[in-house]
Amino acid sequence: MTPRTDADELTEQPRVPLSRRRVLRAAVELADRDGLDSLTMRRLAQEVGAEAMSLYHHVANKEAVFDGVVEVILGEIMAAVDEVEAPSPEEDWQAALRARILAAREVLLRHRWAPQVFETRTTVSPVVIAYLDHVVAILRAGGFSFDLAHRALHVLGSRALGFTQELFQPDGAQTADAAAAAMMEQMADRFPNIVGMLAAAVHDDPDGTLGFCDDQFEFEFALDLILEGLERRRAADS
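Attention here is on the structure that accompanies the text.

Rules and cut-offs
- Residues numbered from 1 in each chain as written.
- Predicted model: local features only at pLDDT ≥ 70, side-chain atom pairs only at ≥ 80, totals over all residues.
- Heavy atoms only, no water.
- Helix = DSSP H or I, 4+ residues; strand = E, 2+ residues; numbered from the N terminus.
- Buried < 20%, exposed > 50% of the residue type's maximum accessible area, 1.4 Å probe, protein only.
- Contact = heavy atoms within 4.5 Å.
- Areas by Shrake-Rupley, 256 points an atom, 1.4 Å probe, with all protein chains shown as cover.
- Phe/Tyr/Trp six-rings, centres within 6.5 Å; stacked < 30°, edge-to-face > 60°.
- Lys NZ or Arg CZ within 6 Å of the ring centre and 35° of its normal.
- Axes fitted to C-alpha atoms, helices over the stretch in contact; angles between N-to-C directions.
- Parallel < 35°, antiparallel > 145°, perpendicular 65-115°, else oblique.
- Left-handed = near helix turned anticlockwise from the far one by under 90°.
- Patch = residues over 30% accessible without salt bridge, like charges linked within 9 Å, V, L, I, M, F, W, Y side chains within 5 Å.
- Salt bridge = Lys/Arg side-chain N within 4 Å of Asp/Glu carboxyl O.
- Core = buried A, V, L, I, M, F, W, Y, C linked by side-chain atoms within 4.5 Å.
- Expected span 1.5 Å × (residues − 1).
- Arc of directions from axis to C-beta.
- Polar contact = N/O pair within 3.5 Å; in protein donor to acceptor, adjacent residues only side chain to side chain.

1. Quick word on the overall build of the chain
At step 1: Helices and strands together make up the secondary structure of the chain, namely 12 helices and 0 strands.
At step 2: Written out in order from the N terminus, the α and β elements of the chain read α-α-α-α-α-α-α-α-α-α-α-α.
At step 3: For the chain, the residues scored as buried account for 37% of the 238 residues in total.
At step 4: Intrachain contacts of the chain at a sequence separation of at least 6 include 70% that bridge at least 24 residues.
At step 5: Of the roughly 14300 Å² of accessible surface on the chain, a fraction of 54% belongs to carbon and sulfur atoms.

Here it is in structure tokens:
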């Protein structure tokens, strides 16, 4: 056995202790790099250089990992919206809320798998509640009653967090264009209107796309319609 030298001790990197935060950050990095399907307890253990059983001291199971990564992503969103330059809500609530929602979307575009996890959660994280509380605060500062703010949250839905929930998703192995092409080829006679619409709706900004039909233009188009409609209702109720 070769004896350890002073040089070995100087160059050896200290072992980073395992913690819940470290496990969750590793989970986010793993999903970013290899996709959501890669996020298993075994792969996660390999990512942090630990035995799989040791993870259970910090996260109870895979669902707890998913709950945790929601907190991590929402933490990034909260940090991003805090840095947004926008008018005060009292001055222009629409511009203030729009800027914050688009900042949240920018975070999700760095973690494109995250909306899938958000949609599967059965409990509401305190971090999500804190984010929505900020949204309500903007609405209230803009002159909304609590009743209308409540309705506004329902109308915004997942768009408040920066993504659009899809009614359906084609096979994840296909791109939106490939799915549309397959549908047009197979179903043109039976569903001419849907096929015609898909043929015309070309997504030319893959970097701004989070889902099959959630590209940046469509997201902003729907968001602006909602905000403008809410402003008309707020003004009518004043």
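2. Points about the packing of aromatic side chains
At step 1: Evaluation of the coordinates by the stated rule reveals 3 aromatic pairs.
At step 2: When the ring centre of Phe219 is taken as origin, the NZ or CZ atom of Arg105, which lies over that ring, is 4.4 Å away.
At step 3: Arg140 extends its terminal NZ or CZ atom over the ring of Phe146, reaching a point 3.8 Å from the ring centre.

3. Here we look at the packing of helix H9 (residues 146-156) against helix H12 (residues 216-237)
At step 1: Axis separation between H9 and H12 bottoms out at 11 Å; the angle between their running directions is 165°. The orientation of H9 with respect to H12, classified from their angle, is roughly antiparallel. Note on packing geometry: the crossing formed by H9 with H12 is right-handed. Mapping the contact onto sequence places Leu148, Arg151, Ala152, Val155 and Leu156 in H9 and Leu223, Ile226, Leu230, Arg233, Arg234 and Asp237 in H12.

4. Notes on the packing of helix H5 (residues 62-82) against helix H8 (residues 126-141)
A pair of packed helices is characterised by two quantities: the angle between their axes and the separation of those axes.
At step 1: Running from amino to carboxyl end, H5 crosses H8 at an angle of 25°, the nearest separation of the two axes being 9 Å. The orientation of H5 relative to H8 falls into the category roughly parallel. Viewed along their axes, H5 and H8 form a crossing whose handedness is left-handed. Counted together, Val70, Glu71, Leu74, Gly75, Ile77, Met78 and Val81 of H5 and Val127, Val128, Ala130, Tyr131 and His134 of H8 form the full contact between these two elements.

5. Considerations on a nonpolar patch on the surface
At step 1: Residues Met187, Phe191, Ile194 and Met197 make up a contiguous nonpolar surface patch of roughly 350 Å² in combined accessible area.
At step 2: Of note, Phe191 is situated in the loop between helix H10 (176-187) and helix H11 (192-200).
At step 3: Note on Phe191: relative accessible area 35%, which makes it partly exposed.

6. Section: the nonpolar core
At step 1: Of all hydrophobic cores here, the largest spans 60 residues; its most connected members are Ile73, Ile77, Leu97, Trp113, Phe118 and Tyr131.
At step 2: Counting only elements with at least two residues in this core, the list comes to helix H2 (20-34), helix H3 (41-48), H5, helix H6 (89-110), helix H7 (114-120), H8, H9 and H12.
At step 3: Of all the elements, H5 adds the most residues to this core, at 11 residues.
At step 4: Beyond its immediate chain neighbours, meaning those up to four positions away, Ile73 contacts Val28, Val107, Leu108, His111, Trp113, Ala114 and Phe118.

7. Structural notes on the pattern of salt bridges
Note that side chains of opposite charge can pair when their charged atoms are close.
At step 1: What the rule picks out here adds up to 14 salt bridges.
At step 2: Across the pair Asp34 and Arg33 runs a salt bridge whose closest N-O atoms are separated by 3.3 Å.
At step 3: Here Asp214 ties to Arg105 by a salt bridge, and the two come within 3.2 Å at their closest N and O atoms. In this pair, Asp214 is assigned in the loop between H11 and H12 and Arg105 in helix H6, connecting sequence segments 109 residues apart.
At step 4: Look at Asp214 and you get buried, because its relative accessible area is 2%.
At step 5: Note on Arg105: relative accessible area 0%, which makes it buried.

8. Considering H8
At step 1: An ideal rise of 1.5 Å per residue puts 22 Å on 16 residues; H8 measures up with 22 Å between its terminal C-alpha atoms.
At step 2: Among the residues making up H8, those that are buried are Val128, Tyr131, Val135, Val136, Ile138 and Leu139. On an axial view of H8, the arc spanned by its buried residues comes to 155°, and they lie on one face. Across H8 from its buried face, at more than 90 degrees, point the exposed residues Pro126 and Asp133.
At step 3: Residues of H8 that are buried sit in contact with H5, H6 and H9.
At step 4: Of the residues that open H8, the one with a side-chain oxygen 3.0 Å from the backbone nitrogen of Val127 is Ser125.
At step 5: Once H8 ends, the next one or two residues include Gly143, with phi positive near 105°.

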